[in-house]
Amino acid sequence: ADCRYTCHQECRSLIRLDCRPPGRCQSQLSPESTLLPLCSQNVPQAVEEAKPAPPTVQEIRQRIEKYNAKVTNCLLMKLNDDGTYTGFIKVHLKLRRPVTVPAGIRPQSIYDALKEVNLADVTDKRTSFYLPLDAIKQLHISSTTTVSEVIQGLLKKFMVVDNPQKFALFKEMRKDGQVLFQKLPLSEFPLYLRLLAGPDTEVLSFVLKENETGDVEWDAFSIPELQNFLMILDKEEKDKIQQVQRKYEKFKQRLQQTLKEARNKPG
């Protein structure tokens with residue numbers, strides 16, 4: 001009421017102000033004191049977020065039982081004796097850029113997967129192509145599998161040899177008719193998020209996308225890759241310009257038609 005501090009409604013419970021009696025702060029303000037921390041309620045106090053205690057094995061067991069009770073397919077979660085658990089997550093691939101893969105080699109076989117044979121090491125030849133938009137890949141992972149390991153596993157399954165730092169895993173949520181994306185830190189555990197949200201992918205789903213520009217380490221790219229990016233950006237820019245031009249050309253035609261009809265009307 002005195003300092004007019006403003007915050008988001010959802011953040012109100014996190015704000016801690018060292019408020020003084022009403023009116024005191026306003027009355028004590030002076031040109032000299034505005035540079036001093038006299039009215040400390042103008043600045044929210046730093047509050048350390050209390051990290052929740054890790055769930056016990058019993059709590060995990062109860063959550064898994066509730067999770068499996070809602071599963072409509074065979075993709076159940078399983079609790080291990082050591083307290084870890086395994087399960088499945090589905091990842092949507094929404095990549096707008098081409099990926100780099102080895103050229104001229106056969107697809108990975110079951111034998112290669114079991115023996116962990118990396119076919120990318122067979123040849124130095126590389127080629128680029130677009131992965132199918134919104135392709136879905138199902139992964140069987142553990143509760144100890146991190147986001148970083150999920151990204152590396154996806155790239156390995158598709159034999160993508162690009163640097164994993166070029167990609168990021170997002171969680172997609174739907175709230176009030178809106179689709180919200182949140183980038184997950186590399187140390188996060190996707191299976192635990194899946195367990196908390198339940199098996200319904202409408203509540204929570206995972207999406208692999210290109211990393212945000214501000215987080216990309218461009219030194220990890222080769223010269224041909226950087227040149228390829230420039231060509232792609234140039235093409236996207238031209239396409240965007242054409243879209244805008246077509247939009248305003250249609251608007252111009254409708255406006256001219258309206259003016260023409262108005263001139264032909266009496267009065």
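Residues numbered from 1 in each chain as written. Predicted model: local features only at pLDDT ≥ 70, side-chain atom pairs only at ≥ 80, totals over all residues. Heavy atoms only, no water.

Visitor: Looking at this structure, how should I read the pattern of salt bridges?
Guide: A pair can form between side chains of opposite charge whenever their charged atoms are brought close. Scanning the entire structure with this criterion turns up seven salt bridges. Between glutamate 172 and lysine 94 there is a salt bridge; the shortest N-O distance is 3.5 Å. Here glutamate 172, found in strand 6 (residues 167-175), pairs with lysine 94, found in the loop between strand 2 (85-93) and strand 3 (99-102); they are 78 residues apart in sequence, far enough to count as distant. With its nearest N and O atoms 3.4 Å apart, the salt bridge here joins aspartate 234 to lysine 238. Here the residue aspartate 234 and the residue lysine 238 both occupy positions in helix 6 (residues 223-264), the gap between them amounting to four residues, near one helical turn. When salt bridges that share partners are traced, they join Lys94, Glu172, Arg174 and Glu202 into one network. (Salt bridge = Lys/Arg side-chain N within 4 Å of Asp/Glu carboxyl O. Helix = DSSP H or I, 4+ residues; strand = E, 2+ residues; numbered from the N terminus.)

Visitor: For this particular structure, what's the right way to read unusual backbone geometry?
Guide: What is expected of a backbone is that most residues other than glycine have negative phi and most peptide bonds are trans. Positive phi, normally seen in glycine, also occurs at methionine 159, with a value near 55°. In this structure, methionine 159 sits in the loop between helix 4 (147-157) and strand 6.

Visitor: What exactly am I supposed to notice about helix 2 (residues 57-70) here?
Guide: Residue pairs three or four apart in sequence face the same way in an α-helix, which turns once every 3.6 residues. Between the first and last C-alpha of helix 2 there are 20 Å, a value that for 14 residues agrees with the 20 Å anticipated at 1.5 Å per step. Residues Ile60, Ile64 and Tyr67 constitute the buried set of helix 2. Down the axis of helix 2, the smallest arc covering the buried residues is 65°, so these residues share one side. Opposite its buried face, helix 2 presents the exposed residues Glu65, Lys66 and Ala69, each directed more than 90 degrees away. Where helix 2 is buried, its residues touch strand 1 (78-79), strand 2 and helix 5 (190-197). (Expected span 1.5 Å × (residues − 1). Buried < 20%, exposed > 50% of the residue type's maximum accessible area, 1.4 Å probe, protein only. Arc of directions from axis to C-beta. Contact = heavy atoms within 4.5 Å.)

Visitor: Would you take a moment to explain the pairing of strand 3 for this structure?
Guide: Successive residues of a regular strand alternate their side chains across the two faces of the sheet. Residues Val99 and Val101 line one face of strand 3 and the alternating positions Thr100 and Pro102 line the opposite face, and both faces are buried. Here strand 3 pairs with strand 4 (residues 126-129) via four bridges, running antiparallel. Looking at the pairing, proline 102 lines up with arginine 126 of strand 4. (Pairing = 2+ DSSP bridges.)

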